[in-house]
Protein chains: 2
Amino acid sequence: MKALVPIADDSPFPLENLPWGAFTRPGESRIRLGVALGDWVVDLAWLAQHGLLPTQQLPGDYFLHQESLNDFLGRGPDVWREVRMLLTHLLSDAGPDAVRASLVPRGEVTMRLPMRIGDYTDFYSSREHATNVGTLMRGPENALSSNWLHLPIAYHGRSSSIVLSGTDVRRPWGQIAADVFAPSRRLDYELELGCVIGPGNVLGTPIAAADASQHIFGFVLVNDWSARDHQKWEYQPLGPFLSKNFATSISPWIVPLEALQPFRVAGPVQAPEPLPYLRTKEPWNFDLHLEVSLQTATSRQRLSLGNAKYLYWNICQQIAHHTVGGCNLQPGDLLASGTISGPEREMLGCLLERTRGGAEPIALADGTTRTFLEDGDVVTMTGWCTGSGVRIGFGEVTGRVLAACREPGRPVD
Amino acid sequence: MKALVPIADDSPFPLENLPWGAFTRPGESRIRLGVALGDWVVDLAWLAQHGLLPTQQLPGDYFLHQESLNDFLGRGPDVWREVRMLLTHLLSDAGPDAVRASLVPRGEVTMRLPMRIGDYTDFYSSREHATNVGTLMRGPENALSSNWLHLPIAYHGRSSSIVLSGTDVRRPWGQIAADVFAPSRRLDYELELGCVIGPGNVLGTPIAAADASQHIFGFVLVNDWSARDHQKWEYQPLGPFLSKNFATSISPWIVPLEALQPFRVAGPVQAPEPLPYLRTKEPWNFDLHLEVSLQTATSRQRLSLGNAKYLYWNICQQIAHHTVGGCNLQPGDLLASGTISGPEREMLGCLLERTRGGAEPIALADGTTRTFLEDGDVVTMTGWCTGSGVRIGFGEVTGRVLAACREPGRPVD
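*Asks:* What should I look at first to understand the overall build of chain A in this one?
*Replies:* Helix and strand counts for chain A stand at 9 helices and 26 strands. The C-alpha atoms of chain A give a radius of gyration of 21 Å, which matches the 22 Å a tight globule of 413 residues would have. Dimensions along the principal axes, computed over C-alpha positions, put chain A at roughly 65 × 55 × 40 Å. A buried classification covers 63% of the 413 residues belonging to chain A. Across chain A, the fraction of contacts at a sequence separation of at least 24, relative to all contacts at a separation of at least 6, is 72%.

Structure, rendered in structure tokens:
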């Protein structure tokens, strides 16, 4: 099926993708929902206003009144599927001509956070990452904690400081040791995949692994910025806190699970076999290529080239585990995968691993080196699935590192 | 000053308190804001509707349109003070007679969560508690982690599962060891004080310790239910997760900081002296008596008798630390103190400490014993400040333990 506008072969957003986002038109403050198509954003409020979104399961003017995706997320797969089918028809070359007036050039809109994120959970589901970090922290004998192969380790993150791609990130102050209070000297990125939750569950009622996919709306890319020196000092015994909560960046377009279905693959063999509540019969990893690049004042180069298929614990296992004690998920919650590393050196998803704790600097094209991020560095992550002539892309999540304040709380002059 | 209705000497809610809450009237679903006065709830929507809340800083009909406290929390101390002064006058015996019609018997209303809690942070600020738990987990030599005396340790909790006092709490399933998946056998309570945040800060702009009190609206009691066996297995290396996120209970009435001002006292001596960003000149502990009681099928008795004044890190230090790296707080955020224990055995704020990890059962009045909570047990926490003939009470936070499901996700028959 062809789209109603020309779409470049390497565009992340063909008709088969239709990722969801929130945006404002130039000169407007009102937030609208949209889907991306090639170089365009489809304005769903405009379509609704002109009677072009007549679905069975939603009022005709539904998208005129939505300023975030939360309500839509809560409605579940049947509603999502109906709207997706309708949009696929409308945006194809078989759709009505009037639809063209709903297109806004993507370069002219301002993207906004697509949903209110009630709770943000960060998993730790890459075996390679956990092994590498554990080796640096505790030595090779104790690299993986004794529980790691038995459950998807996770911690609660900070919702309020989740920012959209493009937001600058200020280097945080914090404690590095008992007498050392300073801006982080080991500022790092973490390459992650984030799952956006659809319908939630009632407190006290777990989601079975077999039902978990019904609660998945889609995915974004996540950069879980980390201050490694602050983290090392603070993380015992209750986990990371300030070293993570100064900023977490997400890509603006939520790629729906529906668009990723053709790219589902089996994950790594799990041995020991997980407990029954963590068993999934179907393949729930994604063959999703991932890249991290670094732009400095004088160079731009790729730092990582990974793939989400290496994750040990899959999203259905994560959801089943998260809720097995009764914890309730809510529409718009974000479940991030944890840093995605793979078996090869170039597949490592953060600088801590890439530079072996700072011991092996990376040579950059401009003749300088990096162990951790410097002020002015721009980190950009991107990802896509390809196959059968289709490319389902995520766009990118990017952010620039700003110099720390002179003193905490005082703006830089 | 006398109130317009008789108030018992031992009431937690005299005219000097006026704690804030949200409620519904019998037979209504609409949520209203109110303050408690003796055995009554003052319906602020009614007062606003009848033109009895004419403030300088808010529209006259403001409280007609608020279904949670969040907007009011964001307005800050000047607005809070004006409304408090007006309410104190209106509810005194010098106020207009018409005000009486705004009173609803407290026993007839249904309390609701007073605010939307965007993020919930749980500190670990009692030295006695951290020492006792650390001793049980790691032995007396390594009881306090090396960072503990240098910063207020905390972790991000789960917002979605914060429930109001009176909500039953179902015993959670979870992993106890590699091959053991079972309902928690070591279910515990934790006695905590929770701070409700007023105005937030902009991401990247810390709150100085000296300014922190401007961001405090008030306090509630918190029971941070904990599954100790699940916790022990899961907490390395990223902290507690399922062992805490199945439920956290709070008391329904937020006692304003203004009412607690007369009860501020100095905390424990801090040695080593904290870093400059953590220094507070004024006393920021509260002389707040705390009690935990346990009701079983056949007995009711007190388990703990503590005081919030023993907390090592105070609320202004917690706020300064939380934001020093740039993390933004938002109106309605909840910052809990961590379990409050004191130097004496009866001052220990959880069963893990009271029974030394289950080794020393507590004898109950009915001849049975407890190490951890059993199904049907009701835990109730209460607290009050007294002095100069005034008693500022918190009411209570209570919850009953329900039996675990037969299998996770299946209701009990």
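*Asks:* Help me understand the sheet that holds strand β9 (residues 169-170) of chain B in this model?
*Replies:* Working definition: the strands of a sheet are paired by backbone hydrogen bonds and lie parallel or antiparallel to each other. Overall, mixed pairing links the 5 strands, which are arranged β9-β26-β25-β20-β21 (chain B) in an open sheet. The sheet is open, and its two borders are formed by β9 and β21 (300-307) of chain B, each paired with just one other strand.

*Asks:* What is the right way to read the relation of the copies chain B and chain A from this model?
*Replies:* Two copies of one chain are present, and they are related through a rotation about an axis combined with an axial shift. With an RMSD of 0.0 Å, the fit of chain B onto chain A corresponds to turning through 180° and sliding 0.0 Å along the axis. The transformation just described matches what one would write down for a two-fold rotation axis. No C-alpha of chain B approaches the rotation axis more nearly than that of G239 of chain B, which lies at 2.2 Å. Looking at the interface residues of chain B, 100% of them are also at the interface in chain A, so both copies use one shared face.

*Asks:* Just checking my understanding: could you explain the pattern of salt bridges for this structure?
*Replies:* Should their charged atoms come close, side chains of opposite charge can pair. All names here are of chain A. Within the structure shown, the criterion is met by 42 salt bridges over all chains. In this structure, R302 engages E291 in a salt bridge whose closest nitrogen and oxygen atoms are separated by 3.7 Å. One end of the pair, R302, is in strand β21 (residues 300-307); the other, E291, is in strand β20 (residues 289-295), with 11 residues separating them in the sequence. Put simply, D188, E190, D224, R228 and K244 are held in one network by salt bridges that share partners.

*Asks:* Even after reading the chapter, I still don't get the packing of aromatic side chains, so can you show me in this structure?
*Replies:* The geometry of two aromatic rings is summed up by the distance between their centres and the angle between their planes. Under the criterion given, the structure shown has 30 aromatic pairs over all chains. Taking 5.0 Å as the distance between ring centres and 85° as the angle between the ring planes, the aromatic pair formed by Y62 of chain A and F63 of chain A counts as edge-to-face. For the pair Y62 of chain A and F63 of chain A, a shared accessibility class is recorded, and that class is buried. Where W20 of chain B meets F63 of chain B, the ring centres are 5.8 Å apart and the plane angle is 35°; that geometry is what we call tilted. Highlighted residues: W20 of chain B in strand β1 (residues 20-24) and F63 of chain B in the loop between α1 (44-49) and α2 (70-75), separated in sequence by 43 residues. Just as W20 of chain B is buried, F63 of chain B falls in that class too. Ring pairing ties together the aromatic residues W20, Y62, F63, F72, W80 and F217 of chain A, which thus form one cluster. Residue placement shows R391 of chain B over the ring face of W384 of chain B; its charged tip is 4.5 Å from the ring centre.

Cut-offs used in this document
Residues numbered from 1 in each chain as written. Chains lettered and ligands numbered in written order. Predicted model: local features only at pLDDT ≥ 70, side-chain atom pairs only at ≥ 80, totals over all residues. Heavy atoms only, no water. Helix = DSSP H or I, 4+ residues; strand = E, 2+ residues; numbered from the N terminus. Rg over C-alpha atoms; globule rule 2.2 N^0.38 Å. Buried < 20%, exposed > 50% of the residue type's maximum accessible area, 1.4 Å probe, protein only. Contact = heavy atoms within 4.5 Å. Pairing = 2+ DSSP bridges. Least-squares fit on C-alpha atoms with pLDDT ≥ 70 in both. Salt bridge = Lys/Arg side-chain N within 4 Å of Asp/Glu carboxyl O. Phe/Tyr/Trp six-rings, centres within 6.5 Å; stacked < 30°, edge-to-face > 60°. Lys NZ or Arg CZ within 6 Å of the ring centre and 35° of its normal.

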